[in-house]
There are 2 protein chains.
Amino acid sequence: MFIAEKGIENIETITLNLQAGEHRTPEFKAKNPFQRVPVLELDDGHYLSESMAICRYLDELHPKPALFGRNTLERAQVEEWNRRDEFNLLTATAAVFRHGTGLFAGQDNVFPEWGEANKNTVQKLYHMFNKHLANNTYFVGDYFSVADITALCTIDFAKFCGVSIPDEKAHLIRWRKAVAARPSAKA
Amino acid sequence: MFIAEKGIENIETITLNLQAGEHRTPEFKAKNPFQRVPVLELDDGHYLSESMAICRYLDELHPKPALFGRNTLERAQVEEWNRRDEFNLLTATAAVFRHGTGLFAGQDNVFPEWGEANKNTVQKLYHMFNKHLANNTYFVGDYFSVADITALCTIDFAKFCGVSIPDEKAHLIRWRKAVAARPSAKA
């Protein structure tokens, strides 16, 4: 979605089958020892991991439209909300995915009660995000940023994990609909 | 430590007693609805939360010494390692703190086995970090960055939680000693 918002078209995409373990091969471990996607291969042979590191790299090469903020304060606010999206909402959602969906039932270290507790955390965050979006078009005022992209992807992942936005969170639902309607969201 | 590395001296510090709940007052919630420290109060009345958002803000106002990287690739690599420090090591350490130390025993949603599992995760990460530091003075080559600050703080927090670096991880121990010896580490 970030690449589509930037209008970058010359990045070749290679899709790995994670269920088949294609991120655990020696070839892929040489690219990212942490065995996670995505990885960006640079022309000079370097490999970059971590989505936000890749986004920041692409942002420097393609500064328009600015998605990390247009001035010092805004850049700090984008980082602030992006991290709330990730450290609060995404970590809770990931815990629901692992512990609360049943998808990993029977594996070591899966605690369904911990999954349930994190479903409550996601709902509490939806409550706070909804309050914030009552007075803000996007996470940072009227400025669409990478924080909105992170939040949309996380909220849709949470929905996949069985945690949807309740109907009464009208501001969050209005925001989600607006961001999901962007052409980039289909990328 | 970041502020000390930058040599910024005109930031007044107010310490909150978290055990007494001073971050849960209405006054503090107005500054950061997520009720976390640190918060930076700006001269124009804005409040910034999230450590890395605050560091990036201060970095723009005080660019020397550069702690987020000196060129496009290095900035991406600093972000890459900073995020590995946080999303891998810090989240595992936080899980040990909550579930594996006994400090929260008897509270809701505390799973000692999950704490133990995360102790293993921390050790696996120490193994990977040690391998990386066999060929790198700091996390990003020979360049000291905010990724080293994040890692030092996290590793010392893990030690407080009962997870120390094993003696055989000589490269990680060498790195820790060098970073902890910086005057800023006493800040």
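Notes on the structure follow. Residue positions within a chain follow its written sequence, with the count starting from 1. Both sets of labels track the order of writing: A upward for chains, 1 upward for ligands. Residues qualify for local features only when their pLDDT is at least 70, as the model is predicted, and side-chain atom pairs are given and counted only at 80 or more; totals for whole chains, interfaces and linings, by contrast, use all residues. In computing side-chain properties, one takes all heavy atoms of the structure into account and sets aside hydrogens as well as water.

1. Remarks on the overall build of chain A
And step 1. Comment: elements are numbered from the N terminus, with helices defined as DSSP H or I runs of at least four residues and strands as E runs of at least two. When helices and strands are tallied, chain A shows seven helices and two strands.
And step 2. Atoms counted for the radius of gyration: C-alpha only. Globule rule: 2.2 Å times the number of residues to the power 0.38. Relative to the globule expectation of 16 Å for 187 residues, the C-alpha radius of gyration of chain A, 18 Å, shows essentially globular dimensions.
And step 3. Expressed along its principal axes, the backbone C-alpha trace of chain A runs to roughly 50 × 50 × 25 Å.
And step 4. For each residue, the accessible area found with a 1.4 Å probe, counting protein chains only, is set against the maximum for its type, and the residue is called buried under 20%, exposed over 50%, and partly exposed in between. The buried share among the 187 residues of chain A stands at 47%.

2. Quick word on the interface of chain A and chain B
And step 1. Residue contacts are counted whenever heavy atoms from the two residues lie within 4.5 Å of one another. Taken together, the contacts link 40 residues of chain A with 40 residues of chain B.
And step 2. For the chain A and chain B pair, buried surface summed over both sides reaches about 3,800 Å², with 64% attributable to carbon and sulfur atoms.
And step 3. Ranking the residues of chain A by area buried against chain B places Phe34, Arg83 and Trp114 of chain A at the top, with a combined share of 17%.
And step 4. In the sections that follow, a salt bridge refers to a side-chain nitrogen of Lys or Arg positioned within 4 Å of a carboxyl oxygen of Asp or Glu. Counting across the interface, chain A meets chain B through six salt bridges.
And step 5. Across the salt bridge formed by Arg75 of chain A and Glu60 of chain B, the nearest N and O atoms sit 2.5 Å from each other. A simple way to read buried area is as the amount of 1.4 Å-probe accessible surface that goes missing from two parts once joined, with both sides added.

3. What to know about the packing of helix 3 (residues 51-61) of chain A against helix 4 (residues 72-100) of chain B
The angle between the axes and the distance between the axes are what describe a pair of packed helices.
And step 1. To obtain an axis, a line is fitted to C-alpha atoms, over the contacting stretch when the element is a helix, and the angle between two such axes runs from 0 to 180 degrees between their N-to-C directions. Direction vectors running N to C along helix 3 of chain A and helix 4 of chain B enclose 165 degrees, while the axes themselves pass 8 Å from each other. One element, helix 3 of chain A, and the other, helix 4 of chain B, form an angle in the roughly antiparallel class. The handedness of the crossing between helix 3 of chain A and helix 4 of chain B is right-handed. Mapping the contact onto sequence places Met52, Ala53, Arg56, Tyr57, Glu60 and Leu61 of chain A in helix 3 of chain A and Thr72, Leu73, Arg75, Ala76, Glu79, Glu80 and Arg83 of chain B in helix 4 of chain B.
And step 2. Of the residues belonging to the contact of helix 3 of chain A with helix 4 of chain B, the class tally is six nonpolar, one polar and six charged. Angle categories are assigned with fixed cut-offs, so that under 35 degrees is roughly parallel, over 145 is roughly antiparallel, 65 to 115 is roughly perpendicular, and the rest are oblique. The handedness criterion is simple: a crossing whose near helix is rotated anticlockwise from the far helix by less than a right angle is left-handed, and one whose near helix is rotated clockwise is right-handed. Asp, Glu, Lys and Arg are counted as charged, while Ala, Val, Leu, Ile, Met, Phe, Trp, Tyr, Cys and Pro are counted as nonpolar; the rest, among them Gly, fall into the polar class.

4. Digging into the relation of the copies chain A and chain B
And step 1. The superposition of copies rests on a least-squares fit of C-alpha positions from residues with pLDDT of 70 or more in both. Mapping chain A onto chain B is achieved by rotating through 180 degrees and translating by 0.0 Å along the same axis, at an RMSD of 0.0 Å. Here the two chains are linked by the operation of a two-fold rotation axis.
And step 2. Both copies share a contact surface, since 100% of the interface residues of chain A are interface residues in chain B too.

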